[in-house]
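One letter stands for each residue in the lines below.
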Amino acid sequence: MLESTLGSEFVLVRVTGPFAEEPIDAARAARRYPELDAREIAERVAPLLDLEYEGPATTVRNPIGSGELQITISPIGFLNEYGVVLVGGSGAHGFPTTTDSLLINVASNQAAALLENVALRMRELELQARAESQQLLLETVLKQLPCGVIIANPSSGDILLTNSQAMELFRQSTGQTGGRTLLDFLDVGLRADGVPTSRNNGFLPGRA
């Protein structure tokens, strides 16, 4: 759409983040270059990314045809965080006009917004995977402890995590299979001989 709207010779979009280990190039040329596919266009145009650009456009030899072109480049994201958009057009046709520059900037900003959403989702998945890994590690440690452990929300009393030892103690004392909040466990304790007892017999739950 950008190439046809601008009437340019070619458009190259290079994506360098957030998920790309290697740069991903997408390229399209004007219809008068039917013999060039996207891969070949990208290979011919990509070296222009290494040029030093001054001002709104730079004059270069046409990498996919004859004559010279005006080249303009627009970053995708802050400081090229996600890549760049490179467009080449004919200076004889006035490229790049103010409207051309505006359209290129809009396209770059839209691409940046899309890739930023991808980056946020990737960070969310990474944090979720890390939390699940830590949860699994904690559960593994609790299973190996010689005592019952209950982890609860200090403000609501909701049970966040227990081990099988604590649940077995609760079952022996109450005949139930589990508790939903810390209050369900308050009357459960053990005498010195290991027999379940209640808070009425002197047991008070510890607090971390």
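The preceding data block contains the structure.
What counts, and at which threshold
Residues numbered from 1 in each chain as written. Predicted model: local features only at pLDDT ≥ 70, side-chain atom pairs only at ≥ 80, totals over all residues. Heavy atoms only, no water. Core = buried A, V, L, I, M, F, W, Y, C linked by side-chain atoms within 4.5 Å. Buried < 20%, exposed > 50% of the residue type's maximum accessible area, 1.4 Å probe, protein only. Helix = DSSP H or I, 4+ residues; strand = E, 2+ residues; numbered from the N terminus. Contact = heavy atoms within 4.5 Å. Pairing = 2+ DSSP bridges.

Engineer: Hey, could you run me through the nonpolar core in this one?
Structural biologist: A general feature of soluble globular proteins is that nonpolar side chains tend to end up buried together. Residues Phe 10, Leu 12, Val 45, Leu 48, Ile 64, Ile 71 and Leu 86 are the most contacted members of the largest nonpolar core, which totals 18 residues. When contributions to this core are tallied by element, the ones reaching two or more residues are β1 (10–15), β2 (24–29), α2 (38–45), β4 (68–76) and β5 (83–89). A per-element tally of this core places α2 first, with three residues. Beyond its immediate stretch of four places on either side in the chain, Leu 12 contacts Asp 25, Ala 26, Ala 27, Ala 42, Val 45, Ala 46, Leu 49, Val 84, Val 85 and Leu 86. Grouped together as the second largest cluster of nonpolar side chains are 13 residues, Leu 2, Ile 76, Phe 95 and Leu 115 included.

Engineer: I tried to follow the pairing of strand β3 (residues 58–61) on my own but got confused; where do I start?
Structural biologist: Where a strand is regular, its side chains alternate between the two sheet faces. Residue alternation in β3 divides its side chains into a buried set, Thr 58 and Val 60, and an unburied set, Thr 59 and Arg 61. Across four bridges, the pairing between β3 and β4 is antiparallel. The partner of Thr 59 across the bridge, within β4, is Gln 70. Connecting β3 to the next strand, β4, in antiparallel fashion are six residues, including Gly 67 with a positive phi near 80°.

Engineer: Looking at this structure, I do not really get unusual backbone geometry. What am I missing?
Structural biologist: What you tend to see is this: most non-glycine residues have negative phi, and most peptide bonds are trans. The residue after Gly 17, namely Pro 18, is reached through a cis peptide bond having omega 5°. A cis amide bond links Phe 95 to the next residue, Pro 96, at an omega of -5°. Relative to the elements of secondary structure, Pro 96 occurs in the loop between β5 and α3 (98–144).

Engineer: What am I meant to see in the side chain of Glu 3 here?
Structural biologist: Its place among the elements puts Glu 3 in helix α1 (residues 2–6). Note on Glu 3: relative accessible area 9%, which makes it buried. Excluding residues that lie within four positions of it along the chain, Glu 3 makes contacts with Ser 8, Val 11, Arg 28, Ala 29 and Ala 30.

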